[in-house]
Amino acid sequence: MNFERIKEKLSILADAAKYDVSCSSSGSKRTNTNKGLGDSSGMGICHSYTEDGRCVSLLKILLTNHCIFDCAYCVSRKNNDIKRAAFKIQEVVDLTINFYRRNYIEGLFLSSGIFHNPDYTMERLVSVAKKLRLEENFNGYIHLKSIPGCSDELMREAGLYADRLSINIEIPTVSGLKLLAPEKDHKDFIKPMEKVKNEIIQYKAEKKIIKNTPVYAPAGQSTQMIVGATGESDKDIMYSAVHYYSTYNMKRVYYSGYVPVLEDNRLPALGTEVPMLRENRLYQTDWLLRFYGFDVRELLNQNHPNLDIDIDPKLSWALRNMHMFPVDVNTADKQLLARIPGLGMKSVHKIINARKYRRLNWENLKAIGIAMSRAKYFMVCNSSDFESRDLEPERIKSMILQSSQSKYQKFYNQQLSLFN
Ligand code: SF4
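Everything numeric in this text was worked out from a predicted model, so none of it was measured.

### Considerations on the overall build of the chain
Part 1 of the argument: For the chain, the helix and strand inventory stands at 16 helices and 8 strands.
Part 2 of the argument: Relative to its 420 residues, the chain shows a buried fraction of 53%.

### Points about the site of the ligand
Part 1 of the argument: Inspection of the region around the ligand gives C67, F69, C71, Y73, C74, R77, G113, I114 and K184 as its neighbouring residues.
Part 2 of the argument: When its residues are assigned to classes, the shell around the ligand shows 6 nonpolar, 1 polar and 2 charged.

### Some remarks on the pairing of strand β1 (residues 58-62)
Part 1 of the argument: For β1, the buried fraction is high: 5 of the 5 residues fall into the buried class.
Part 2 of the argument: Going residue by residue along β1, you find L58, K60 and L62 tucked away on one face and L59 and I61 tucked away on the opposite face as well.
Part 3 of the argument: Here β1 pairs with strand β2 (residues 107-111) via 5 bridges, running parallel. The residue bridging L62 from the neighbouring strand is S111, located in β2.

### A short note on the packing of aromatic side chains
Part 1 of the argument: Applying the stated criterion across every chain yields a total of 10 aromatic pairs.
Part 2 of the argument: Among the aromatic residues, ring-to-ring pairing joins F294, W317, F325 and F378 into one connected group.
Part 3 of the argument: One cation-aromatic arrangement involves R252 over Y254; the distance from NZ or CZ to the ring centre is 4.8 Å.

### A look at helix α10 (residues 313-320)
Part 1 of the argument: Among the 8 residues that make up α10, 7 are buried, leaving the element largely enclosed by the rest of the structure.
Part 2 of the argument: Those residues of α10 not exposed but buried are P313, K314, L315, S316, W317, A318 and L319.
Part 3 of the argument: In the core, the buried residues of α10 are packed alongside α8 (276-291), α9 (296-299), α14 (372-375) and α15 (393-403).

### A short note on the confidence of the model for the chain
Part 1 of the argument: Looking at the chain, the pLDDT average stands at 87 and 86% of residues meet or exceed 70.
Part 2 of the argument: Averaged pLDDT values over the elements of the chain bottom out at 48 in helix α16 (residues 409-417) and peak at 98 in α9.
Part 3 of the argument: In the predicted structure, residues 39-54 sits below a pLDDT of 50 and forms 41 contacts with residues beyond four places in sequence or in another chain.
Part 4 of the argument: Contacts for the low-pLDDT stretch residues 412-420, under 50 throughout, to residues beyond four places or in other chains number 8 contacts.

### As for the sheet that holds strand β6 (residues 252-257)
Part 1 of the argument: Strands sit in the order β1-β2-β3-β4-β5-β6 across an open sheet of 6 strands; the sheet is parallel. Edge positions in the sheet fall to β1 and β6, since each has one partner strand and no second. The mean inter-strand angle of the sheet, taken between neighbouring strand axes irrespective of direction, is 20°.

### Considering empty space enclosed by the protein
Part 1 of the argument: Under the criterion given, the structure shown has 3 cavities of 30 Å³ or more.
Part 2 of the argument: Roughly 630 Å³ of volume is contained in the largest cavity.
Part 3 of the argument: Together, 34 residues line the largest cavity, and D20, Y73, C74, N168 and E170 are the ones closest to its centre.
Part 4 of the argument: At the level of secondary structure, the elements contributing two or more residues to the lining of the largest cavity comprise α1 (3-17), β5 (221-227) and β6.
Part 5 of the argument: The class makeup of the residues in the lining of the largest cavity is 19 nonpolar, 9 polar and 6 charged.

### Regarding the nonpolar core
Part 1 of the argument: Ranked by size, the top nonpolar core spans 116 residues in total, and within it Y73, Y255, I340, L365, F378 and M379 carry the most contacts.
Part 2 of the argument: Broken down by element, this core gets its largest block of residues, 7 residues, from helix α2 (residues 89-101).
Part 3 of the argument: Those residues in contact with L365 that lie beyond four places of it in its chain are V329, I351, L360, I370, M372, M379 and C381.

### Notes on the packing of helix α4 (residues 152-161) against helix α6 (residues 186-209)
Part 1 of the argument: Following both chains from N to C, one finds α4 and α6 inclined at 50°, their axes separated by 10 Å at the closest point. Overall, the two elements α4 and α6 adopt an arrangement that is oblique. Relative to α6, the crossing made by α4 is right-handed. Together, D152, M155, R156 and L160 of α4 and K191, P192, K195, V196, E199 and Y203 of α6 make up the contact between the two elements.
Part 2 of the argument: Tallied by class, residues from the contact of α4 with α6 come to 5 nonpolar, no polar and 5 charged.

What counts and what doesn't
- Residues numbered from 1 in each chain as written.
- Predicted model: local features only at pLDDT ≥ 70, side-chain atom pairs only at ≥ 80, totals over all residues.
- Heavy atoms only, no water.
- Helix = DSSP H or I, 4+ residues; strand = E, 2+ residues; numbered from the N terminus.
- Buried < 20%, exposed > 50% of the residue type's maximum accessible area, 1.4 Å probe, protein only.
- Near = heavy atom within 4 Å.
- Nonpolar A, V, L, I, M, F, W, Y, C, P; charged D, E, K, R; others polar.
- Pairing = 2+ DSSP bridges.
- Phe/Tyr/Trp six-rings, centres within 6.5 Å; stacked < 30°, edge-to-face > 60°.
- Lys NZ or Arg CZ within 6 Å of the ring centre and 35° of its normal.
- Contact = heavy atoms within 4.5 Å.
- pLDDT = per-residue confidence, 0-100.
- Axes fitted to C-alpha atoms, helices over the stretch in contact; angles between N-to-C directions.
- 1 Å grid on protein atoms, 1.4 Å probe; cavity = no way out; pocket = protein on both sides within 12 Å on 5 of 7 lines; lining within 4 Å.
- Points joined across faces, edges and corners; volume = space filled by probe spheres on them.
- Core = buried A, V, L, I, M, F, W, Y, C linked by side-chain atoms within 4.5 Å.
- Parallel < 35°, antiparallel > 145°, perpendicular 65-115°, else oblique.
- Left-handed = near helix turned anticlockwise from the far one by under 90°.

Quick look at the structure:
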């Protein structure tokens, strides 16, 4: 093996893979069998995230950054003058096993540019996973990227070896895709999603009847959307996300702030800031939809098509709906408690539990660990030492931001200074 060449390939193909954020390793229950190598369940996977929420515990590489397509937003696009490289199937297998044995990684995230055609590429991705599972007896986590336009048969096979499959929709709207990737067909993204959804349902149903039916993509499927490459509003992005969650049973939709690396008059100019705050607000919105019982139309609609950057989406919603507050924490149901800014679901459960024994006052709520600087404007309890009823939403917002240690305070202060 030529180690220098492998090192060079690794540096090129790991760098090219960094724009893909859809690599969370949660959700798989694959266990080590037959004295195999690795275990993606429980302690077998170390969930390691960077500060902005990106998973770093997997060997994350492209099989190749050669590509026959020329998507404007992609660093691997055909007409971009960059160093190209391609791994052989066995090289990826060996790297994964060696890195796993050295405890550097917990699994593999493998994507690829499209070389020759979608089937040729997908077949090679599947071969890596198949070799790892069948020849190396590898039970660690494998996330395979599905190649748009590949055959149903390859998608079926992929799910038998991978824990998670993902196909990145990349541009949230059909019109945006047409503008930036005119050679691609929206249907080529949808078809594999539909296939994976149906296979998961079918394999689960068969397993109930025939116990030794293999599991199919046990960690489900995910997708990623680029934020800020085209002019979509947050409403457009989140309505698309809701569609993918509900229609294709997505486990996760990831949002990736566009990093301007290419000169192209269809894209934001080089040097434009990566919209990290916007990306963060989209993740918070996604969380509110999946775990807090919000409907997307409450958070984003015709009158409010974009999320506030300076405050989180729940606080923003509460300030627009002051008629719902204050909520009495001693009597409100779970859904209503979950809508109080500053209360996470853990706090909601603690409140429900604690109020079985006493009527809660401010001291009790502080002891539970509630972020009172935000929550106190939106609730009442068995204390009378705080009155918020006559405050205007703008006043509440300003008081919260002034008292907050939030990283967004700087942003807000800058905004205020514009009016001084
Ligand atoms: S097909 Fe994929 S790898 Fe190729 S240019 Fe488009 S986004 Fe990049």
